[in-house]
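In case you want the letters, here they are:
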Amino acid sequence: MPPIVTSAEIERPAAEVFAYATDPTRFSQWQRGVVDGHMDGQANGTQSPAVGARCVTTRRIGGANRPSTAELVHIDPPRTWGVRGIDGPIRATVDVLVEPVTDSRSRLTISVDFTGHGIGKVLVPLMVRREARKEMPDNVAALKRMIETR
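Just so you know, these numbers come straight off a predicted model, no measurement behind them. (Residues numbered from 1 in each chain as written. Predicted model: local features only at pLDDT ≥ 70, side-chain atom pairs only at ≥ 80, totals over all residues. Heavy atoms only, no water.)

Visitor: Even after reading the chapter, I still don't get the nonpolar core, so can you show me in this structure?
Guide: A general trend in soluble globular proteins is that nonpolar side chains are found buried together. Among the nonpolar cores identified, the biggest contains 32 residues, and Leu108, Ile110 and Leu143 are the most heavily contacted of them. When residues of this core are assigned to their parent elements, the largest contribution, eight residues, is made by helix α3 (residues 120–148). Apart from residues no more than four positions distant in its own chain, Leu143 is found in contact with Ile10, Tyr20, Ala21, Trp30 and Leu108. (Core = buried A, V, L, I, M, F, W, Y, C linked by side-chain atoms within 4.5 Å. Buried < 20%, exposed > 50% of the residue type's maximum accessible area, 1.4 Å probe, protein only. Helix = DSSP H or I, 4+ residues; strand = E, 2+ residues; numbered from the N terminus. Contact = heavy atoms within 4.5 Å.)

Now the structure itself:
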């Protein structure tokens, strides 16, 4: 199946949109269900992440907090960023693209796809993709609101 793709134009420069959208410590501000996020081994975002770095995102699922780890597979600030899940039954592949429209306006596109392992092979087609299709437009709209009102 093709990835789930959501885009929005945001009244902020590309570098600002990129920095906000790819900062795991801010994921809980705009992604439904996320309670925590960070780059593994990175103290308070002081280092620029590099390919191979680990992004840990904790989501509230079924009444419990469940962490998942993804590996940063590409990064080209302030344009592209991508991670690939490496653990758990449901592994997401996320690609972020930020394109400048003008000096003060950008187009953000987030593409999400899923691979199931074990029970995830059943859950991805039955529930996960459907929920992500409903959730992604709301998440991107929340990101847009958060960054435009900062």
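Visitor: What's the story with the side chain of Arg129 in this structure? I'm lost.
Guide: Note that Arg129 resides in helix α3. Exposure remark for Arg129: the relative accessible area of 5% places this residue in the buried category. Within polar-contact distance, the side chain of Arg129 engages the side chain of Asp113 at 2.8 Å. The contacts of Arg129, once residues within four sequence positions are left out, are Met1, Pro2, Pro3, Ile4, Asp113, Phe114 and Val124. (Polar contact = N/O pair within 3.5 Å; in protein donor to acceptor, adjacent residues only side chain to side chain.)

Visitor: Looking at this structure, I do not really get the packing of helix α1 (residues 14–21) against α3. What am I missing?
Guide: For any two helices packed against each other, the geometry is given by the interaxial angle and the distance between the axes. Running from N to C, α1 and α3 point in directions that differ by 120°, and their axes come no closer than 11 Å. When the axes of α1 and α3 are compared, the pair comes out oblique. α1 and α3 meet at a crossing whose hand is right-handed. Counting all contacts with α1, which are made through Glu16, Val17, Tyr20 and Ala21, the residues of α3 involved are Leu143, Met146 and Ile147. When the residues that make up the contact of α1 with α3 are grouped by side-chain class, the tally is six nonpolar, no polar and one charged. (Axes fitted to C-alpha atoms, helices over the stretch in contact; angles between N-to-C directions. Parallel < 35°, antiparallel > 145°, perpendicular 65-115°, else oblique. Left-handed = near helix turned anticlockwise from the far one by under 90°. Nonpolar A, V, L, I, M, F, W, Y, C, P; charged D, E, K, R; others polar.)

Keep in mind that these numbers describe shape and distance, not what the molecule does.
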